[in-house]
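Chain and residue survey
These are the residues of each chain, in order.
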Amino acid sequence: MNDLKSLLTKQGYKRITFKLSSTQHLLIKGKINGIEGKFILDTGASNSCVGFEAIDRFTLYAKDSDTRAAGAGGTGMITQTSLSNYLQLGRWKHKDFGLVIFDMTHVNEALSHYKAKPVHGIIGADVLIKGEAIIDYKNFCLYLK
């Protein structure tokens, strides 16, 4: 692991640790607009998103969207978007970050069914692609450039 960490650090990557939940989800802490939150790290989610209830928490400017969301909770879910946000995961930072906002009740209900704590949102492939992500599953680390 030290070899991988050293190699990636020399290449400008930032190391962010994550935890494995009781539901086998990868959980990562981060900040949106300077406010800390807990997120699922989801390589299968095309966009990063938060629930409608997180609009006030993260001081988001939400705008209605014609796009409908689809995921484990179903299809055709109403969405909003929020542009020009500031995302920080560990020491990795991204300005002008866009989010999809939708009803995440089904996600947190499923987590609570397994006695797992709720999350504020999901970090998706948009962040992983932007940060040229490398995930070290063995050592529970995400590297972003």
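Residues numbered from 1 in each chain as written. Predicted model: local features only at pLDDT ≥ 70, side-chain atom pairs only at ≥ 80, totals over all residues. Heavy atoms only, no water.

1. Observations regarding the packing of aromatic side chains
- Per the counting criterion, the structure on display carries two aromatic pairs.
- Geometrically, the ring pair formed by Phe18 and Phe140 is edge-to-face, given 5.9 Å between the ring centres and 85 degrees between the ring planes. Here Phe18 is found in the loop between β1 (14-17) and β2 (19-20), whereas its partner Phe140 is found in the loop between β10 (134-136) and β11 (141-144), with 122 residues between them in sequence.
- By relative accessible area, Phe18 is classed as buried at 5%.
- What makes Phe140 partly exposed here is its relative accessible area of 35%.
- Summarising the aromatic geometry, the rings of Phe39 and Phe58 are spaced 6.1 Å apart at their centres and angled 25 degrees between planes, so their arrangement reads as stacked. (Phe/Tyr/Trp six-rings, centres within 6.5 Å; stacked < 30°, edge-to-face > 60°. Helix = DSSP H or I, 4+ residues; strand = E, 2+ residues; numbered from the N terminus. Buried < 20%, exposed > 50% of the residue type's maximum accessible area, 1.4 Å probe, protein only.)

2. Quick notes on the sheet that holds β11
- Spatial strand order, β1-β11-β10: three strands in an open sheet with antiparallel pairing. The open sheet is flanked by β1 and β10, the only strands paired with a single partner. Taking each pair of neighbouring strands and ignoring which way they run, the sheet shows an average axis angle of 25 degrees.
- Taken together, the four bridges between β1 and β11 define a ladder with antiparallel strand orientation. Residue pairing for β11: Ile16 is matched across the bridge by Leu142. (Pairing = 2+ DSSP bridges. Axes fitted to C-alpha atoms, helices over the stretch in contact; angles between N-to-C directions.)

3. So, the environment of Asn139
- Its location among the elements puts Asn139 in the loop between β10 and β11.
- With a relative accessible area of 26%, Asn139 lands in the partly exposed category.
- Separated by 96 residues in sequence, Asn139 and Thr43 place their C-alpha atoms 17 Å apart.

4. Quick look at the pairing of strand β4 (residues 35-41)
- Judged by how many residues are buried, β4 sits mostly within the fold: five of seven residues are covered.
- The pairing of strand β3 (residues 26-32) with β4 spans seven bridges and is antiparallel. Bridging across to β4, Gly30 finds its partner in Gly37.
- What sits between the antiparallel neighbours β3 and β4 is a turn of two residues, in which Asn33 has the positive phi angle 50 degrees.
- Relative to strand β9 (residues 121-123), β4 runs parallel, the two being bridged by three bridges. If you follow Ile40 over to β9, its bridge partner there is Ile122.

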